[in-house]
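In case you want the letters, here they are:
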Amino acid sequence: MNSEYSIPFNKPFLTGSELDNIRKAIRSGKISGNGIFTRKCHDFFREKFMFPKVLLTTSCTHALEMAAMLIDCKPGDEVIIPSYTFVSTANSFIINGAKVVFADSGPLVPNLDVSTLEPLVTQNTRAIIPVHYGGIACDMDPIMELAGRYGLYVIEDAAQAIDSSYKGNYLGGIGHLGAFSFHETKNINAGEGGMLAVNEASFQERSEIIWEKGTNRSAFFRGEVDKYNWVDIGSSYLPSEITAAFLYGQLDHMGEIQEKRIRLWNLYNNNLRPLEDRGILTLPHIPPYATNNGHLYYMVLPDLNTRTGLIKHLKSKGILAVFHYLPLHRSPFFQSRHDGRDLPLSDRYGDCLLRLPMYFELEESQVAFICKEICDFFGI
Ligand SMILES: *Cc1c(COP(=O)(O)O)cnc(C)c1O
């Protein structure tokens, strides 16, 4: 942790039961993947979120790679993703040969702008990858409708969206596949970790095979086949029981974690409201169809200079506030591959969005202090 900052941007939350669980996993004598704790986590997520099938993975990146393999992504295929996202959303498809077509963000939310999608669909389009930025839902009904009309898959990047919903349906469970992250920067963490929700029934059997290195070992352990074999492509996507045991230690505390984060989020939102009322900046917009899981608190400033100045001001007070994505269509890797379309809203979020500290141990008095410093900066 950087000692320059008395209020860091993130602190991974520990519930206190992680070590006990890890001890149990070690004593059980089986610490490779798909053991007792993996199954406990699977049961928890299936029951709580009503996902038909889930598989813990080593990361959300790997869950997205599994998704690319499940839809048989190959050279010549195109996938539509927002430019304003993390690299893994794009890389998982690119390493499987696909061409990424970037969509712009919406005017009110960094999520992709659904009204811009249809013109991006070609004969080669295979999938749309909506990213629920900050755990706030994309408008899924028109996305599913468009996908249905063109025969496309929908793979939700729900990395930030655990326990959040769209019109009463949990995110990650609406598209054909949904990918979650348990990276230490996310609400529920295992250091590194992720999960694939397999909602489309025809993918369920094959998802286990891809997960287990292309073998039918999971079916073998259930006694469904008498020996296990190489049956398909795959890789090593399952986490060890140490990771699953750690993660399970978090799940009991999920209600408490979410409640605290949402409380801090609302406090930021109330204290910063006067700045939005005066037209100084824009606070997060939660559409009527979406819930808020308190994953992150952001504001959109009028321009890059203001953001740079505010970051500097907060730093001088020991507060670490950070910007987020540099739009992927402008990245060193992709800019020469991009088709040249302007994506002005992605650029705007790239230049103007600022995230404030958000973690379980953050205190309400610290949020009040951060908001006061922001108001001071603007002379309010
Ligand atoms: C965190 C994140 C990822 C990557 O998750 P890992 O578990 O670190 O692989 C992917 N997409 C989005 C939108 C994220 O926020």
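Further up the page is the structure itself.
In this text, all values refer to a predicted model and were calculated from it rather than measured experimentally.

(A) Examining the sheet that holds strand E5 (residues 153-157) more closely. On the basis of which strands lie adjacent, the open sheet formed by seven strands has the order E1-E9-E8-E5-E4-E2-E3 and mixed pairing. Each edge of the open sheet is held by one strand with a lone partner, namely strand E1 (54-57) and strand E3 (99-103). Each strand axis lies, on average, 25° off the axis of its neighbour in the sheet, ignoring direction. Examined bridge by bridge, strand E2 (residues 78-82) and E3 share five bridges and lie parallel to one another. Its bridge partner lying in E3, Pro-82 is registered against Ala-103.

(B) Focus on the environment of Pro-287. By the element assignment, Pro-287 lies in the loop between helix H9 (254-277) and strand E10 (297-300). For the pair Pro-287 and Cys-138, spaced 149 residues apart in sequence, the C-alpha to C-alpha distance is 9.0 Å. Excluding anything up to four places from it in sequence, Pro-287 contacts Val-109 and Ile-136.

(C) Up close: the site of the ligand. Taken together, 15 residues form the shell around the ligand, and within it Thr-61, Asp-157, Gln-160, Ser-181 and Lys-186 come nearest. In this structure, Cys-60 approaches the ligand through a main-chain N or O atom, which is 2.9 Å from an oxygen atom. Interatomic distance of 2.7 Å between a side-chain N/O atom of Ser-181 and an oxygen atom of the ligand. When the free accessible area of the ligand is taken as 380 Å², the share hidden by the protein chains comes to 92%. Here the ligand is seated within the largest pocket. Among the residues making up the shell around the ligand, the classes are represented as five nonpolar, eight polar and two charged.

(D) Layout of the pairing of E3. Summarising burial for E3: four of the five residues are buried, a large majority. Read from E2 through helix H4 (residues 87-94) to E3, the crossover connection turns out right-handed.

(E) Highlighting the packing of aromatic side chains. Counted under the stated rule, the structure contains 21 aromatic pairs. Measuring from ring centre to ring centre gives 5.1 Å for Tyr-84 and Tyr-325, while their planes differ by 70°; the resulting arrangement is edge-to-face. Pair noted here: Tyr-84 is in the loop between E2 and H4 and Tyr-325 is in the loop between helix H10 (304-316) and helix H11 (344-352), with a separation of 241 residues, a long-range link. Residues Tyr-84 and Tyr-325 agree in their burial class; the two are buried. With 5.0 Å between their ring centres and 85° between their planes, Phe-377 and Phe-378 make a pair best called edge-to-face. Ring pairs connect the aromatic residues Phe-44, Phe-45, Phe-49, Phe-51, Tyr-170, Phe-180 and Phe-182, which therefore count as one cluster. A cation over a ring is seen here: Lys-260 above Phe-360, with NZ or CZ 5.2 Å from the ring centre.

(F) The arrangement of H4 in detail. Within H4, burial applies to Ser-88, Thr-89, Ala-90, Ser-92 and Phe-93. Residues of H4 that are buried make contact with helix H3 (60-70), E2, E3 and E5.

(G) Seen up close, the pairing of E10. In E10, alternate side chains face the same way, and those of Tyr-297 and Met-299 on one face and Tyr-298 and Val-300 on the other are all buried. Two strands pair when backbone bridges link them, and E10 and strand E11 (residues 353-356) are joined in this way by four bridges, in the antiparallel orientation. If you follow Val-300 over to E11, its bridge partner there is Leu-353.

(H) Region of interest: the pattern of salt bridges. Overall, the coordinates contain 23 salt bridges when judged by the stated rule. The shortest N-O distance in the salt bridge between Arg-206 and Asp-232 comes to 2.6 Å. Taken together, the positions of Arg-206 in helix H6 (residues 204-211) and Asp-232 in the loop between helix H7 (217-221) and helix H8 (241-251) put the pair 26 residues apart, joining distant regions of the chain. Between Glu-373 and Lys-372 there is a salt bridge; the shortest N-O distance is 3.6 Å. Given a relative accessible area of 6%, Glu-373 falls into the buried group. Here the salt bridges share partners, and the residues they tie into one network are Lys-53, Glu-208, Arg-222 and Glu-224.

Here is what the cut-offs are and how they apply
Residues numbered from 1 in each chain as written. Predicted model: local features only at pLDDT ≥ 70, side-chain atom pairs only at ≥ 80, totals over all residues. Heavy atoms only, no water. Pairing = 2+ DSSP bridges. Helix = DSSP H or I, 4+ residues; strand = E, 2+ residues; numbered from the N terminus. Axes fitted to C-alpha atoms, helices over the stretch in contact; angles between N-to-C directions. Contact = heavy atoms within 4.5 Å. Near = heavy atom within 4 Å. Polar contact = N/O pair within 3.5 Å; in protein donor to acceptor, adjacent residues only side chain to side chain. Areas by Shrake-Rupley, 256 points an atom, 1.4 Å probe, with all protein chains shown as cover. 1 Å grid on protein atoms, 1.4 Å probe; cavity = no way out; pocket = protein on both sides within 12 Å on 5 of 7 lines; lining within 4 Å. Sits in = over half its atoms within 2 Å of the grid points. Nonpolar A, V, L, I, M, F, W, Y, C, P; charged D, E, K, R; others polar. Buried < 20%, exposed > 50% of the residue type's maximum accessible area, 1.4 Å probe, protein only. Right-handed = clockwise from strand over helix to strand, strands pointing away. Phe/Tyr/Trp six-rings, centres within 6.5 Å; stacked < 30°, edge-to-face > 60°. Lys NZ or Arg CZ within 6 Å of the ring centre and 35° of its normal. Salt bridge = Lys/Arg side-chain N within 4 Å of Asp/Glu carboxyl O.

None of the figures reported here should be taken as evidence of function without further support.
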